[in-house]
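Coordinates in review
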Amino acid sequence: MTVKVAVLGLGSVGKGVLEMIARKDLDIIVTGVADSKSGLIDPSGLDIDAVLTAKKTGRCGDTSISANEVVSRADYDVLVEVTPTDAGSGEPAHSYMKMAIERGKHIVTSNKGPISLHLKELKDLANEKGVLVRYEATVGGAIPIMHTLGNGLAGNKFVALYGVLNGTCNYILTRMAAEGLTYDQALAEARELGYAEADPTYDVKGIDAAIKLVILANTIWNNGASLDRVDITGIDRLTNDALRLAEEKDCTIRLIAEAFPERGVLRVSPRIIRKDHPLVFEGTLNAITLETDMAGEITLIGKGAGSIETASAIIGDILFISSHVRCN
Ligand code: HSE
């Protein structure tokens, strides 16, 4: 069955999603798009290549059509909300999502702001309206962590989780240790490659990893976790000397996020760990270890950032919706 989507946000994630929908035979049509300056609506399906070409010159469509209008007027089953994250308010994404849910539309998002702040509210409203809110792409890029939590490990008790949740920091630490780049050089590379957030202080100060930890904690334990309850230390003060000292002991440094709910621990901090530890790997890879009562310890590793990798998570969620619920 063909599923109709409206895509809000044409940054690296939005463009990756459109490219994959155009290139693969997925039975998904795009009936609305909007970037920050313009929008397009076509109930029979937009020409995606034309949208992507127009976007290269600055905007995707008609300046008289706003994102608000796409959400409230376009004919779609699923709102794909991939606008930039505002971790402080979750806006305007939060309002777009509520508006779409009120219209009986499903939500698929990579937007960490509204999901870390308003997950319960959005899920409650979605339940009331009989639609789904899926947010696989908010944590771990291409890693199917939410599917694993909700399906494969359903029925398990989760005792703890820890992992590497920020690709930019992992990339910087890898490049500093392997090539002797300074922190600033490695950060500039990560930005150039499109891994870092629009404001990279979110990455290097550990805030992005902490937001992802909050999303995971609320998904697993529904325990009202919030960013202000996470104990956060970033990698922005880390020197090449610190990495060299770690190297001398056959260790390295990684930014580790961890949650031990029974002890009330939610923490993100740089850790000196042995090089043969399962959480030591290179580049933008992320890893999440779950300690469970039935399945024991499970570690998922995969690409944690990148346009097409994040599109993989978004498309997985769209297809989950189209195969589990009836789209009109
Ligand atoms: N800036 C994020 C990271 C992107 O580096 O992990 C994916 O959330």
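Attention here is on the structure that accompanies the text.

Some points on the packing of aromatic side chains
- Using the criterion set out here, one finds two aromatic pairs in the structure.
- With a centroid separation of 5.6 Å and 55° between ring planes, the pair formed by Tyr171 and Tyr195 is classed as tilted. Remark: Tyr195 occurs in the loop between helix H8 (183-192) and helix H9 (201-204) and Tyr171 occurs in helix H7 (residues 167-179); sequence separation between them is 24 residues.
- Overall, Tyr171 belongs to the buried group, its relative accessible area being 11%.

Considerations on the packing of helix H1 (residues 12-23) against helix H12 (residues 307-324)
- The contact between H1 and H12 brings their axes to 8 Å, and the two run at 65°. Looking at the two axes, H1 sits roughly perpendicular to H12. Read as a crossing pair, H1 and H12 show a hand that is right-handed. Here Ser12, Val13, Gly16, Val17, Glu19, Met20 and Ile21 of H1 come into contact with H12, specifically with Ser307, Ile308, Thr310, Ala311, Ile314 and Ile315.

Considerations on the pattern of salt bridges
- Taken as a whole and assessed by the stated rule, the structure comprises 20 salt bridges.
- Salt-bridge contacts for Arg23 lead to Glu19; the nearest nitrogen and oxygen are separated by 3.3 Å. With Arg23 and Glu19 both in helix H1, this residue pair falls four residues apart, about one helical turn.
- A salt bridge links Arg73 to Glu69; the shortest N-O distance between them is 3.2 Å. Residue Arg73 and its partner Glu69 are both found in helix H3 (residues 67-73); the two are separated by four residues, about one turn of the helix.
- You can call Glu69 partly exposed: its relative accessible area is 25%.
- In the salt-bridge network here, residues are joined through shared partners; they are Lys112, Glu197, Asp208 and Lys212.

Conventions adopted
Residues numbered from 1 in each chain as written. Predicted model: local features only at pLDDT ≥ 70, side-chain atom pairs only at ≥ 80, totals over all residues. Heavy atoms only, no water. Phe/Tyr/Trp six-rings, centres within 6.5 Å; stacked < 30°, edge-to-face > 60°. Helix = DSSP H or I, 4+ residues; strand = E, 2+ residues; numbered from the N terminus. Buried < 20%, exposed > 50% of the residue type's maximum accessible area, 1.4 Å probe, protein only. Axes fitted to C-alpha atoms, helices over the stretch in contact; angles between N-to-C directions. Parallel < 35°, antiparallel > 145°, perpendicular 65-115°, else oblique. Left-handed = near helix turned anticlockwise from the far one by under 90°. Contact = heavy atoms within 4.5 Å. Salt bridge = Lys/Arg side-chain N within 4 Å of Asp/Glu carboxyl O.

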